[in-house]
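So the chains spell out like this:
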Amino acid sequence: MCLILLSFLPALEGRPRSAPGPGRYIRGMDWLLSPEGGLWSLTAAAFLASTVLPLSSEAVLFGYLSLHPGEGAPAIMLATLANTAGGMTTYALGRYLQQRLQKAQEKEAAREQPRQLARVRYWGAPVLALAWLPFIGEALVLAAGWLRVNWWQALLWQGLGRL
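Trainee: Kindly report on the environment of A144, identifying the contributing residues and their values.
Mentor: Within the secondary structure, A144 sits in helix α8 (residues 136-146). For the pair formed by A144 and G94, sequence separation is 50 residues and the distance between their alpha carbons is 7.1 Å.

Trainee: How would you summarise the packing of helix α5 (residues 72-100) against helix α9 (residues 151-162) if you had to cite specific residues and measurements?
Mentor: Each pair of packed helices gets described by two things: the angle between the helix axes and the distance between those axes. Put simply, α5 and α9 touch, their axes get as near as 9 Å, and they point 140 degrees apart. Between α5 and α9, the crossing angle belongs to the class labelled oblique. At the point where α5 passes α9, the crossing takes the right-handed sense. Every residue of α9 that contacts α5 at T80, N83, T84, G87, M88 and Y91 is listed here: W151, A154, L155, Q158, G159 and R162. The residue inventory of the contact of α5 with α9, partitioned by class, reads five nonpolar, six polar and one charged.

Trainee: An account of α8 is requested, with residue identities and associated values reported.
Mentor: Counting buried positions over the eleven residues of α8 gives eight, a clear majority of the element. Among the residues trailing α8, R148 stands out with phi positive, at a value near 60 degrees.

Trainee: Can you tell me about the confidence of the model for the protein, naming the residues and giving the values?
Mentor: Averaged over all residues, the pLDDT of the protein is 76; the fraction at 70 or higher stands at 72%. Within the protein, α5 carries the highest mean pLDDT (89), whereas helix α1 (residues 2-12) carries the lowest (45). Predicted confidence for residues 1-9 stays below pLDDT 50, and this span has ten contacts to residues more than four positions away or in other chains.

Trainee: Residues and numbers for a nonpolar patch on the surface, please.
Mentor: On the surface, a nonpolar cluster with roughly 250 Å² of combined accessible area is contributed by L48, L53 and L55. Examined against the element boundaries, L53 turns out to sit in the loop between α3 (35-49) and α4 (57-67).

Trainee: Describe in detail the layout of surface pockets, supporting the description with residues and values.
Mentor: Considered as a void within the structure, the second largest pocket measures approximately 450 Å³ in volume. Lining the second largest pocket are 23 residues, with A49, S57, E58, N83 and W132 sitting closest to its centre. Take the lining of the second largest pocket: its biggest share by element is four residues, from α5. Considered class by class, the residues forming the lining of the second largest pocket number 14 nonpolar, six polar and three charged.

Reading the values: rules and limits
Residues numbered from 1 in each chain as written. Predicted model: local features only at pLDDT ≥ 70, side-chain atom pairs only at ≥ 80, totals over all residues. Heavy atoms only, no water. Helix = DSSP H or I, 4+ residues; strand = E, 2+ residues; numbered from the N terminus. Axes fitted to C-alpha atoms, helices over the stretch in contact; angles between N-to-C directions. Parallel < 35°, antiparallel > 145°, perpendicular 65-115°, else oblique. Left-handed = near helix turned anticlockwise from the far one by under 90°. Contact = heavy atoms within 4.5 Å. Nonpolar A, V, L, I, M, F, W, Y, C, P; charged D, E, K, R; others polar. Buried < 20%, exposed > 50% of the residue type's maximum accessible area, 1.4 Å probe, protein only. pLDDT = per-residue confidence, 0-100. Patch = residues over 30% accessible without salt bridge, like charges linked within 9 Å, V, L, I, M, F, W, Y side chains within 5 Å. Areas by Shrake-Rupley, 256 points an atom, 1.4 Å probe, with all protein chains shown as cover. Salt bridge = Lys/Arg side-chain N within 4 Å of Asp/Glu carboxyl O. 1 Å grid on protein atoms, 1.4 Å probe; cavity = no way out; pocket = protein on both sides within 12 Å on 5 of 7 lines; lining within 4 Å. Points joined across faces, edges and corners; volume = space filled by probe spheres on them.

Next up, the structure:
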């Protein structure tokens with residue numbers, strides 16, 4: 001899939017597309033390792049890592065800062081923003097699932113609630129400051145969406161916790 005995405009980079013840069021071959025992919029890798037391309041990659045990794053996908057954006061951030069040590073402020077800012085945006089995507093997924101499964105929930109209301117749902121219900125939006133934690137954080141954000149926690153508060157507490 002990465003090779004497919006890399007094949008579009010020359011077209012995006014306004015260059016004429018060359019015949020298939022390794023040179024085109026090497027140019028794409030050069031772009032990904034550049035400061036601008038690396039920020040795009042970091043943003044994508046941070047966004048995907050904060051959804052329900054099990055990725056680590058910290059490794060990408062470390063790699064980027066190793067290659068471009070002078071770009072720390074924009075890298076951390078973009079990683080935080082993308083991570084929070086991905087968390088809000090998980091929040092929206094929780095709200096969507098709550099609407100779709102509301103009838104099933106009413107039928108099984110006597111069933112025990114998952115721990116993350118109970119934590120969010122008890123602590124409210126401030127528990128989303130722990131959204132950065134692997135595995136638990138995504139579940140907390142999903143539970144916040146399910147419980148329809150105020151989205152401004154969810155955004156604020158996630159952003160503070162992910163910073």
